[in-house]
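So the chains spell out like this:
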Amino acid sequence: MEDPIQLKEEGNKYFQASDYEKALQSYTQAIKLNKDKALQAVLYRNRAACFLKKEEYAKAASDASRAIDINASDIKALYRRSQALEKLGKLDQAFKDAQKCATLEPRNKNFQETLRRLGANIQEKLRIQFSTDSRVQKMFEILLDENSDKEKREKAANNLIVLGREEAGAERIFQNNGVNLLLQLIETKNPELILAAVRTLSGMCTGHKARATAILHYLGIDSICMWMSVDNEEISLAVCNLLQTITDCLMGQGKEEHHGKEEALVLDTKKDLRMITMRLLDMLVSKKVSGQGRDRALNLLNKNIPRKDLKDHDNSRSIFVIDNGLKKILKVVGQIPEMPDCLPLTENTQLTASVLLNKLYDDLRCDPERDNYRLICEEYIKSKIDPQNMDKTLHAVQIVSGVLQGPFDLGNKLLGMKGVMEMMVALCGSEREIDQLVAVEALIHASTKLSRATFIITNGVTLLKEIYKKTKNEKIKIRALVGLCKLGSAGGTDYGLRQFAEGSTEKLAKQCRKWLCNTSIDARTRKWAVEGLSYLTLDADVKDDFVEDEPALKAMFELAKASDKTILYSVASALVNCTNSYDTKELVPELVQLAKFSKQHVPEEHPKDKKDFVVKRVKRLLKAGVVSALACMVKADSAILTDQSKELIARVFLALCEDPKDRGTIVAQGGGKALIPLAVEGTDVGKIKASHALAKIAAISNPDIAFPGERVYEVVRPLVSLLNTERDGLQNYEALLGLTNFSGRSDKLRLKIIKEKALPDIENYMFENHDQLRQAATECMCNLVVNKEVQERFVADGNDRLKLVVLLCGEDDEKVQVAAAGALAMLTAAQKKLCSKMTQVTTQWLEILQRLCLHDNMEVQHRGLVIAFNLISSDKELAKKLVESELLEILTYVGKQEDHPKKQHIINVARDCLTKCMDYELIKPLSQA
């Protein structure tokens, strides 16, 4: 269609039918093709109306302005711009446009009302602004006065933080020399005042690029990094959040911005972002930086450098960090805490650095980039290898060990470097305990794949056993044992591929549990006991013994809740093994026979991996408090909580939710809340597992208790994500049950379900051949039709929605009939148009209605009679058609029945139908007949 006028008419039709997306397309196409100025103004004005409906106010204001540029007295365009500007918070400009409208049409009450409302809002804004100015001044006076009362100062500090989070308040602080005063607060060295100042600055930067840039330059990145380096966890974290907020603004993330003139500014943020990155990399190798500060710098790099989406081709940030900072990250990875020249570290620092190495490596797009990364690593390790200097060589082995915990493939290549394996073996035989410690850890990380393990088993097991027997040092003993555990579990869950003799793995596990429960050993060493169990629990005998040992379980859960986050993956792995929530391949009996015949190895299932054993283990874990430990693990604000760890936690949650009786306990201990972030972020598999666990909870729980407050709205998207033909039937079914439960709660929830575009999927499942899926989808629709927007979809022309519901009323499945009849009863009660439409969608409508009114199930019968009443009430002609059919006999039969408490509601509706027919004078009372 090439005619702008026709396109405009088409757009108008779409607009009237509330299809704003298609209307927008028609107007946009017409604008491109049109040459006539007057028509151009109309098109821009109409497109502005679409943007208003879609709540895209900046675009609406822009289109209305274009229409006004062509015709300054276009009253519709002026009014639409006024509406858009009001929504954008530009009240003074909105008032001017409304004033022009009122001047052009003085008698228009709508314009007069808008003027009154905007005038009142502007007065209120000015009042707040002036009162804000004086409040800001007063707060700073109290805070900077050393003689102020402590309680007064605390109150002023909290008020300042709240004010900084409000747009008007943040702007007033900024305009009134507030940044300088906040800097003075930071310089007082008082921790409470520093926290208040930093949190206020964070609030002021949120979602405002210009202000964030100005604050960054005023404070200086060096000062920000210095504050983040302090050995105070709260201050370090608050400054880290400030820097993250500034970075979000510079990268164009965070809140949408609606700030007047600021939109006209073009800020070149790349230079600032590079400056921040360089300072963070410098922090990694500075001795002046605390362990906390180093962790914060690593977390910020982990969060902001690699691409969020691999479809985005720009990986320049990662390339920049590799070229300018890879050696600095490797230096952190190669630190040995027991050495005197070690940088200040926390228990999480080195693993966080390994995670960063992995993320950078994964972010590379081609082999030349990966080769460059490898060459930098090899060059750096070679520079550390010195046969004359054992300490230096030790750092080289530690770096290889760190890389093995990051990009494993690269770590394997580094193991193949000349002299690396020999060094590890030599260090194992060294007399120095520190050498043995580093070498054993490197051996553990090296033996991760079955193929690699078979090579190491020939050399490694002998070495580790030797160290285990000789050493008196518990730290080395535990690590040697973990190495043996790892090598012993190389066969995975395959009962027939056991590496060690019968009973050896149970002995190793027993020793690990003993160390785990021994609180006199330091937490870092006990962590290795969990690491050992994470491998050994692949053996079903070990799993069973472990879950029976409640003190060992509780000791593991306590470690999981501690500040050392390096244990997260091990705990999650052990729990996945105990709950059997790992993926298993289904064995086809015919193929098993074939494999045996051809003398191929067939994986064997351990007798204790059968379902009843797994169920018992799950109950034991729940009793020991596994949910609160998992909830605590999810809260870890650290790069160590990788997507893989999140997936493992999601798998465990899904296994725990299997029995409906346990779901209440899981919700009570914070499981519902913990699952939401797992369903939103992580690997695709992890998100599906977490969404499925949420669906299980949502299907049978009261949403107000399981997901209190606003949290319930966050659950809708994960549930809708399961409505996909690629998911299995159970996931679809439980997601539909959850949405049915939600849609019965409130109209706000129904709107959220519609907004997440779930309706087409729910309608598709109503066509499904599978009885339970069809029933669940129909029940969900029955709850959704209460919403006006859904009703309008049924009223709209050109769709078979109503026909489908009518035909489902004629199904043999009673539950489907109940739901479909309920939906039809509500639709015909709410929309009179649907009463006449119902008679046109299918020739079977009357027969189906009669069957409903005579149904044995009282619930179905009641709904059928309500539909009949709605049809009779809507139109006399339609009532006449029904009276002339057999339906009159049915109504008379039901209505004449004697009063009965169980059936009274049914009898009453039938009598109401007959009364309505009498009112129409279509039938006469018996006495007159």
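Look up a bit, the structure's there.
Everything numeric here is computed off the predicted structure, so don't read it as measured data.

Brief notes about the layout of surface pockets
By volume, the second largest pocket amounts to about 1,400 Å³. Lining the second largest pocket are 24 residues; nearest its centre among them are Ser18, Tyr20, Ile754, Glu789 and Arg793. Secondary-structure elements contributing two or more residues to the lining of the second largest pocket are helix 1 (4–16), helix 2 (20–33), helix 41 (747–755), helix 42 (759–766) and helix 44 (788–795). Partitioning the lining of the second largest pocket into residue classes produces eight nonpolar, two polar and 14 charged.

So, the nonpolar core
One finds Tyr373, Leu516, Phe653, Leu656, Phe707, Phe742 and Ile762 to be the most contacted residues of the largest nonpolar core, which totals 260 residues. Among the nonpolar cores identified, the runner-up in size contains 34 residues, and Ala23, Leu52, Ile75 and Tyr79 belong to it.

Some words on the packing of helix 20 (residues 390–404) against helix 21 (residues 408–415)
Between helix 20 and helix 21, whose axes approach to 7 Å, the crossing angle comes to 150°. In terms of orientation, helix 20 lies roughly antiparallel with respect to helix 21. For the pair helix 20 and helix 21, the contacting residues are Val400, Val403 and Leu404 in the first and Phe408, Leu410, Gly411, Asn412, Leu414 and Leu415 in the second. Tallied by class, residues from the contact of helix 20 with helix 21 come to seven nonpolar, two polar and no charged.

Here's the deal with helix 44
Residues of helix 44 that are buried: Val790, Gln791, Phe794 and Val795. What you see down the axis of helix 44 is that its buried residues fit within an arc of 150°, all on one side. Against helix 41, helix 42, helix 43 (771–784), helix 45 (801–809), helix 46 (814–830) and helix 47 (832–841) lie the buried residues of helix 44. A distance of 2.8 Å separates the backbone nitrogen of glutamate 789 from a side-chain oxygen at the start of helix 44, and that oxygen is part of asparagine 787.

Regarding a positive patch on the surface
On the surface, Lys303, Lys308, Arg317 and Lys359 cluster together into a positively charged patch. For lysine 308, the location among the structural elements is in the loop between helix 16 (291–304) and helix 17 (316–333).

Notes on empty space enclosed by the protein
A probe matching the size of a water molecule, rolled over the atoms, marks out where space remains unfilled. Summed over the entire model, instances satisfying the criterion amount to three cavities of 30 Å³ or more. When its volume is computed, the second largest cavity comes out at roughly 50 Å³. Lining the second largest cavity, in full, are Ile336, Pro337, Glu338, Gln398, Leu437, Val438, Glu441 and Arg524. Here the lining of the second largest cavity takes three residues from helix 23 (residues 433–446), the largest share from any one element. Counted by class, the lining of the second largest cavity contains four nonpolar, one polar and three charged residues.

Some remarks on the state of the cysteines
One pass over the structure, following the stated rule, counts zero disulfides. With no disulfide of its own, cysteine 342 lies 20 Å from the sulfur of cysteine 377, the closest cysteine sulfur. Looking at cysteine 342, the relative accessible area reads 16%, which means it is buried. Considering cysteine sulfurs only, cysteine 782 is the nearest to cysteine 809, which forms no disulfide, with 9.7 Å between them.

Some remarks on the environment of valine 321
When you line up the elements, valine 321 lands in helix 17. Of the residues examined, valine 321 reaches a relative accessible area of 1% and is grouped as buried. Residues valine 321 and leucine 301 lie 20 residues apart in sequence; the distance between their C-alpha atoms is 9.0 Å. Filtering out sequence-adjacent residues up to four positions away, valine 321 remains in contact with Thr277, Leu281, Ile305, Leu326, Ile329 and Leu360.

Cut-off values and rules
Residues numbered from 1 in each chain as written. Predicted model: local features only at pLDDT ≥ 70, side-chain atom pairs only at ≥ 80, totals over all residues. Heavy atoms only, no water. 1 Å grid on protein atoms, 1.4 Å probe; cavity = no way out; pocket = protein on both sides within 12 Å on 5 of 7 lines; lining within 4 Å. Points joined across faces, edges and corners; volume = space filled by probe spheres on them. Helix = DSSP H or I, 4+ residues; strand = E, 2+ residues; numbered from the N terminus. Nonpolar A, V, L, I, M, F, W, Y, C, P; charged D, E, K, R; others polar. Core = buried A, V, L, I, M, F, W, Y, C linked by side-chain atoms within 4.5 Å. Buried < 20%, exposed > 50% of the residue type's maximum accessible area, 1.4 Å probe, protein only. Axes fitted to C-alpha atoms, helices over the stretch in contact; angles between N-to-C directions. Parallel < 35°, antiparallel > 145°, perpendicular 65-115°, else oblique. Contact = heavy atoms within 4.5 Å. Arc of directions from axis to C-beta. Polar contact = N/O pair within 3.5 Å; in protein donor to acceptor, adjacent residues only side chain to side chain. Patch = residues over 30% accessible without salt bridge, like charges linked within 9 Å, V, L, I, M, F, W, Y side chains within 5 Å. Areas by Shrake-Rupley, 256 points an atom, 1.4 Å probe, with all protein chains shown as cover. Salt bridge = Lys/Arg side-chain N within 4 Å of Asp/Glu carboxyl O. Lys, Arg positive; Asp, Glu negative; His and termini not counted. Charge placed at Lys NZ, Arg CZ, Asp CG, Glu CD. Disulfide = S-S within 2.5 Å.

On their own, these measurements won't tell you what the molecule is for.
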